[in-house]
Amino acid sequence: MWDTIEPQLSSGPVSYLIPIQKFIFAFSSLCIAGADPANSPDISENGYMRMDRWLAVQLLPSIPINAFQPLVEIFLHSFAYPFFLVSGDYNKLYEFIETEGKEVISRGQTEFKLGKEDVIHNLLFILGFNAFGGFSIFFLSLLASLESDTTGIQEKLRKEVREKAGSGIGLSFSSVQEMDLVQSFVYETLRLNPPVPLQYGRARKDFDLSSHDAVFKVKKGELLCGFQALAMKDPKVFDDPETFVPDRFTGEKGKELLDYLYWSNGPQSGMPSVSNKQCAGKDFVTLTASLFLAHLYLRYDSVTIAGASFSGVEKPKP
Ligand code: HEM
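Source: prediction; values computed, not measured.

Concerning the site of the ligand
Phase 1 of the analysis: Around the ligand lies a shell of 20 residues, among which Asn130, Gln199, Lys277, Cys279 and Val285 are the nearest.
Phase 2 of the analysis: Within the side chain of Asn130, a nitrogen or oxygen atom sits 3.3 Å from a nitrogen atom of the ligand.
Phase 3 of the analysis: Within the side chain of Gln199, a nitrogen or oxygen atom sits 3.4 Å from an oxygen atom of the ligand.
Phase 4 of the analysis: The class makeup of the residues in the shell around the ligand is twelve nonpolar, seven polar and one charged.

Points about the UniProt feature "binding site: heme" (unreviewed entry) in the protein chain
Phase 1 of the analysis: With numbering matched to this structure, UniProt assigns "binding site: heme" (unreviewed entry) to Cys279.
Phase 2 of the analysis: Tracing the chain through its elements places Cys279 in the loop between helix H11 (251–256) and helix H12 (282–299).
Phase 3 of the analysis: In this view, Cys279 contacts Trp263, Ser264 and Pro272; residues no more than four positions away in its chain are not counted.

Some remarks on the pattern of salt bridges
Phase 1 of the analysis: As enumerated under the stated definition, the model contains 20 salt bridges in all.
Phase 2 of the analysis: One salt bridge in this structure joins Lys233 and Glu242, with 3.7 Å as the shortest N-O distance.
Phase 3 of the analysis: Because the salt bridges share partners, they merge into one network encompassing Asp3, Glu6, Arg299 and Lys315.

Digging into the domain arrangement of the protein chain
Phase 1 of the analysis: When the domains of the protein chain are assigned, the result is domain 1 (1–148) and domain 2 (152–194 + 238–318).
Phase 2 of the analysis: Summarising the inter-unit geometry, the C-alpha centres of domain 1 and domain 2 are found 23 Å apart.
Phase 3 of the analysis: Summed over both sides, the interface of domain 1 with domain 2 buries roughly 2,500 Å², with 77% coming from carbon and sulfur.
Phase 4 of the analysis: Contact with domain 2 buries area across many residues of domain 1, yet Trp2, Phe138 and Leu146 alone supply 29% of it, more than any other trio.

Structural notes on the packing of aromatic side chains
Phase 1 of the analysis: As enumerated under the stated definition, the model contains 21 aromatic pairs in all.
Phase 2 of the analysis: Relative to Phe132, the ring of Phe25 lies with its centre 6.1 Å away and its plane at 85°, an arrangement referred to as edge-to-face. Taken as a pair, Phe25 in helix H2 (residues 17–33) and Phe132 in helix H7 (residues 116–148) lie far apart in primary sequence, 107 residues in all. Across this residue pair, the class does not change: Phe25 and Phe132 are buried.
Phase 3 of the analysis: A ring pair is formed by Phe139 and Phe292, whose centres lie 4.9 Å apart and whose planes are at 80°; its orientation type is edge-to-face. In this pair, Phe139 is assigned in helix H7 and Phe292 in helix H12, connecting sequence segments 153 residues apart.
Phase 4 of the analysis: Phe139 gets classed as buried once you look at its relative accessible area, which sits at 1%.
Phase 5 of the analysis: Among the aromatic residues, those joined into a cluster by ring pairs are Phe23, Phe27, Phe135, Phe138, Phe139, Phe173, Phe284 and Phe292.
Phase 6 of the analysis: If you follow Arg191 out to its NZ or CZ, it ends over the ring of Phe238, 4.9 Å from the centre.

Describing H7
Phase 1 of the analysis: An ideal rise of 1.5 Å per residue puts 48 Å on 33 residues; H7 measures up with 46 Å between its terminal C-alpha atoms.
Phase 2 of the analysis: The axis of H7 is deflected most strongly, by about 25°, at Phe135.

Brief notes about the pairing of strand E4 (residues 215–218)
Phase 1 of the analysis: With four bridges joining them, strand E3 (residues 207–210) and E4 adopt antiparallel strand pairing. Among the inter-strand pairings, Asp208 is bridged to a residue of E4, identified as Lys217.
Phase 2 of the analysis: Hairpin remark: E3 followed by E4, antiparallel, with four residues in the connecting loop.

Points about the nonpolar core
Phase 1 of the analysis: Ranked by size, the top nonpolar core spans 70 residues in total, and within it Ile97, Leu124, Phe138, Phe139, Leu142, Leu146 and Leu293 carry the most contacts.
Phase 2 of the analysis: No other element matches H7, which puts 13 residues into this core.
Phase 3 of the analysis: In terms of domain composition, this core takes at least three residues from each of domain 1 (1–148) and domain 2 (152–194 + 238–318).
Phase 4 of the analysis: Setting aside residues up to four positions removed in sequence, Phe139 forms contacts with Ile20, Phe23, Ile24, Thr288, Ala289 and Phe292.

What counts and what doesn't
Residues numbered from 1 in each chain as written. Predicted model: local features only at pLDDT ≥ 70, side-chain atom pairs only at ≥ 80, totals over all residues. Heavy atoms only, no water. Near = heavy atom within 4 Å. Polar contact = N/O pair within 3.5 Å; in protein donor to acceptor, adjacent residues only side chain to side chain. Nonpolar A, V, L, I, M, F, W, Y, C, P; charged D, E, K, R; others polar. UniProt positions renumbered as here; feature names shortened; annotations may be inferred. Helix = DSSP H or I, 4+ residues; strand = E, 2+ residues; numbered from the N terminus. Contact = heavy atoms within 4.5 Å. Salt bridge = Lys/Arg side-chain N within 4 Å of Asp/Glu carboxyl O. Domains from an automatic or database assignment. Buried area = accessible area lost by both parts, 1.4 Å probe. Phe/Tyr/Trp six-rings, centres within 6.5 Å; stacked < 30°, edge-to-face > 60°. Buried < 20%, exposed > 50% of the residue type's maximum accessible area, 1.4 Å probe, protein only. Lys NZ or Arg CZ within 6 Å of the ring centre and 35° of its normal. Expected span 1.5 Å × (residues − 1). Bend = angle between axes of the 7 residues up to and from the residue. Pairing = 2+ DSSP bridges. Core = buried A, V, L, I, M, F, W, Y, C linked by side-chain atoms within 4.5 Å.

In structure tokens, the structure reads:
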């Protein structure tokens, strides 16, 4: 991504919307399906757009649009959109995974006893909906957090990254776990901008739901809705809850706050399992974002971000 953006900067700001999506698509395809878009000219150029269109028809029925009501409810929010609108895109993505993801497909068949078609549909769903969809929202707020900072955070991040990875250790999911400030910055972005803020669940039995100062009786079968954006601004848990505090999650006290970081539909200190509905990619998500930041500050001293564009990068002095 940076190799593409950097040479263009001399002629003015470069929008990051498409480069970020291309990068997320390629990174997720490689990590999740072992499939490299570079091996397919069509997918390397258009894969992210094909994914966007397939996602759009699934998400449109649930995206709030306040204008033109009640027409929006009647005509856009009342039915599932037919598959034929995006079957061309989906089939191209299917063929890509079928050809380039052979090793992962065969693991699905032998280790999980799934049919080949089911493996490919499952891989495409995780890759497209969970990873590509989630990261496409999350990375924009990560960059917006860098853009709006006024505390000199880039310098502090750079210092930590170079200290922890500069001396030939290199970057990996394990080396970024040593970077407290980088991880805290990622957590704080997710606290204030949870990419999937609403969760629903139907009570399986009667139970009491406690808050700090009240108890609510919930009856079996009742539908509950959780709104993360509100839960993660609880002033009884977070000091100055509306403010972006980059190092909020560092140190002993900061680590304790991970019990209250819910972007993954469960606490950051918890574990996704078959008996909960917590994001199966919980650690993959935060470590990937940390890796993105760490790579950025190994490569550059700082970046200038304005609007949805990069307008400059400062390279390390030789
Ligand atoms: C920024 C990226 C991501 C965000 C914000 C995100 C968020 C979430 C949330 C909120 C849920 C709970 C949904 C619900 O039940 O209401 C969830 C579930 C899930 N996520 Fe993620 N996710 C992301 C990336 C990923 C990735 C990369 C993977 C896989 C590699 C993944 C795999 C899953 C799976 C399999 C579930 C379903 C878990 C279950 O129902 O038991 N997610 N995710």
